[in-house]
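What follows is each chain in one-letter form.
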Amino acid sequence: MTRSRVQRPLLFTLACAACAVLALNTGLTWPAQAQSSAELTRQTAAGRAHTALPRHVLQTLNQAQVPPSALSVLITPLPDGPAASSAQPRRLSHHAQASVNPASVMKLFTTYAGLSLLGPDHVWRNRVYTDGPVRDGVLQGNLVVRGSGDPKLVVERLQELMVQIRAAGVREVRGDIVLDRSVFDVRERSEPFDDEPLRPYNVGPDGLLLNFKAVVYKFTPDTARGQVQVRFEPPLAGFSAPTQLPLSQAPCSDWRRQLQADFSQPQQVRFAGRYPASCGEREWPVAYPEPEAYAPRVMQALWQGAGGQLSGQVRYGTRPASAKLLLEAPSLPLSEIIKDINKFSNNVMAQQLYLTLSSELGAPGRLEASSLRLSQWWRKGFAGQDEPVLDNGSGLSRTERSTALALTALLQAAHASPHARHFVDSLAIAGVDGTAARLKDRSPQSPVIGNAWLKTGSLRDVASVAGYVQGQSGQRYTLVAVLHHPNAHQARAALDQLLEWTVRDTASGPAQAHAPNTAQRSRPR
């Protein structure tokens, strides 16, 4: 599971527009129907797929000291689409019915269920209320900001919200700013998922999630002065951090450790080290160490930064029945939200969507209620398939599980659905963007570049990939591959080899690599 990333909306929108063009240009079209779940199961059970792994994949597993039994694979042609006469359709089934933890690939269940149950145009509606009269720009009472579970209420949108509040006639609050996050019934995790609590992927869901509860530090070297300029966002009331640090001539390896950061005092960050000049400009997103205090401090700083006045405090609470609606601020549509979730494997955004599956029914969103709704959806649409086990819908879990067979059924159903374009556009394009961009660094001439739409996954002992592959014959495939072993990341090359084996599906021998159109310590991806 990829670490959560604080995205810039404008840059991300432009990037996604480019990705949509790439997907269109590579010719992945949508079929009228896909194989039923029952038919897919029958074909696998009947042995119509090969069970022997390709020789070079076995060699890679052996070199990494990973037994073949630790790999679960299912590669299946999609039932429609043109294929050249020289095609040798790829079919491979290896432990496809084994129940495994596929890490962040579990987000495919959450995002497709979201498209199916909520629709691609679904938006989260953040609302602002006044609890008191407004005269000459002064609110005599509290200003209530009610969260909707919006997965991407980032700093740029919060700044725009402050502008909208002032434009609606409120410039001074003679009372409190009350933050209502009761749309979800969740608590902060008592302990982080792993031993790195300040990694943004460890941020928990929230009914009023502001900027992923993260602070982004930006380091800009000034070699003439021998210093690096340090900036951070968003602003937080009462927060301070150094504005400059000395440069060093050290290599740009493990540069974060060289800064000797001290986050033990949430309101006063310290950097006791130096910044390597060779690193150039870098950003470091860090989960705020005191998550409960994050939203009030951000809201106060942004309100006052916009010129707003406040006589009281910023605190959590709920909207009184007497409060009147001042304005509504809708989120980005779900079709855009799932691009962050799948391309960049944003864990907390996936959890926000997962909780919304139950909150949009009227009661506060709860993980248990969302699990029940997704279970009902699965049983109705995928009868006969093993049901996935979901905890929070992001894959950042030691208990979430599925089979390659169930994931393939989901991929085929999504590809045949009215939401196919939105679903595929949310996946990372191999060697081009998102978490699959690194394939180009590992294998610059790979024919997989630009010819696969993927969701990747990673935990301490898991490496996984799932999605769609375009063969050189014109045939399209679904591919699911999960490695579950302490040495899984040493064997990740086997996943790349399976992708390339699938792409090279003609009898004409090695093909020309497709040019793109535009470390082993594992972290959740």
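Residues numbered from 1 in each chain as written. Predicted model: local features only at pLDDT ≥ 70, side-chain atom pairs only at ≥ 80, totals over all residues. Heavy atoms only, no water.

Chemist: Give a description of the confidence of the model for the protein chain that names residues and reports values.
Modeler: Across the protein chain, the average pLDDT comes to 89, with 85% of residues at 70 or higher. Segment residues 1-27 is flagged for pLDDT under 50; beyond a separation of four residues in sequence, or across chains, it makes 82 contacts in the model. Across residues 509-522 the pLDDT falls below 50, and counting only partners more than four positions away or on other chains, this stretch makes 31 contacts in the model. (pLDDT = per-residue confidence, 0-100. Contact = heavy atoms within 4.5 Å.)

Chemist: So, the state of the cysteines: which residues are in play, and what are the values?
Modeler: Think of a disulfide as a covalent bridge from one cysteine sulfur atom to another cysteine sulfur atom. Taken as a whole and judged by the stated rule, the model has 1 disulfide. In this model Cys 252 forms its disulfide with Cys 279; the gap between the sulfur atoms is 1.9 Å. Negative torsions about the S-S bond denote left-handed disulfides, and the value of about 110 degrees found for Cys 252 with Cys 279 makes this one right-handed. Of this pair, Cys 252 sits in the loop between strand 11 (244-248) and helix 6 (255-258) while Cys 279 is found in the loop between strand 14 (275-276) and strand 15 (282-287), placing the two residues 27 residues apart along the sequence. Overall, Cys 252 belongs to the partly exposed group, its relative accessible area being 24%. Note on Cys 279: relative accessible area 7%, which makes it buried. (Disulfide = S-S within 2.5 Å. Helix = DSSP H or I, 4+ residues; strand = E, 2+ residues; numbered from the N terminus. Buried < 20%, exposed > 50% of the residue type's maximum accessible area, 1.4 Å probe, protein only.)

Chemist: Any chance you could break down the sheet that holds strand 9 (residues 214-222) for me, citing the residues and the numbers?
Modeler: Spatially, 14-11-10-9-15 is the arrangement adopted by the 5 strands of the open sheet, whose pairing is mixed. Each edge of the open sheet is held by one strand with a lone partner, namely strand 14 and strand 15. Bridge count between strand 10 (residues 227-233) and strand 11: 3 bridges; the pairing is antiparallel. By the bridge assignment for strand 11, Gln 229 is matched with Gln 244. (Pairing = 2+ DSSP bridges.)

Chemist: Before we move on, could you go through the packing of aromatic side chains and cite the residues and values that matter?
Modeler: Enumeration over the complete set of coordinates arrives at 18 aromatic pairs. For the ring pair Tyr 217 and Phe 271, a centre distance of 5.8 Å and an interplane angle of 85 degrees mean the geometry is edge-to-face. Within this pair, whereas Tyr 217 is found in strand 9, its partner Phe 271 is found in strand 13 (residues 270-271), the two being separated by 54 residues in sequence. Here Trp 255 and Trp 284 contribute two aromatic rings whose centre-to-centre distance is 6.1 Å and whose plane-to-plane angle is 75 degrees, an arrangement assigned as edge-to-face. Of the two residues, Trp 255 sits in helix 6 while Trp 284 sits in strand 15, which places them 29 residues apart along the sequence. Here Trp 255 matches Trp 284 in class, with each residue buried. Pairwise contacts between aromatic rings join Tyr 217, Phe 219, Trp 255, Phe 263, Phe 271, Tyr 275 and Trp 284 into one cluster. The lysine or arginine in question, Arg 90, covers the ring of Trp 501, its NZ or CZ lying 4.4 Å from the ring centre. Positioned over the ring face of Tyr 129 is Arg 319, at 4.6 Å from the centre of the ring. (Phe/Tyr/Trp six-rings, centres within 6.5 Å; stacked < 30°, edge-to-face > 60°. Lys NZ or Arg CZ within 6 Å of the ring centre and 35° of its normal.)

Chemist: Pulling in residues and values, what's your account of helix 9 (residues 347-359)?
Modeler: In a regular helix each residue adds 1.5 Å, so 13 residues correspond to 18 Å; helix 9 covers 18 Å between its end C-alpha atoms and thus fits that length. For helix 9, the buried fraction is high: 13 of the 13 residues fall into the buried class. Where helix 9 begins, one side-chain oxygen reaches toward the backbone nitrogen of Val 348, 3.4 Å away; that side chain belongs to Asn 346. (Expected span 1.5 Å × (residues − 1). Polar contact = N/O pair within 3.5 Å; in protein donor to acceptor, adjacent residues only side chain to side chain.)

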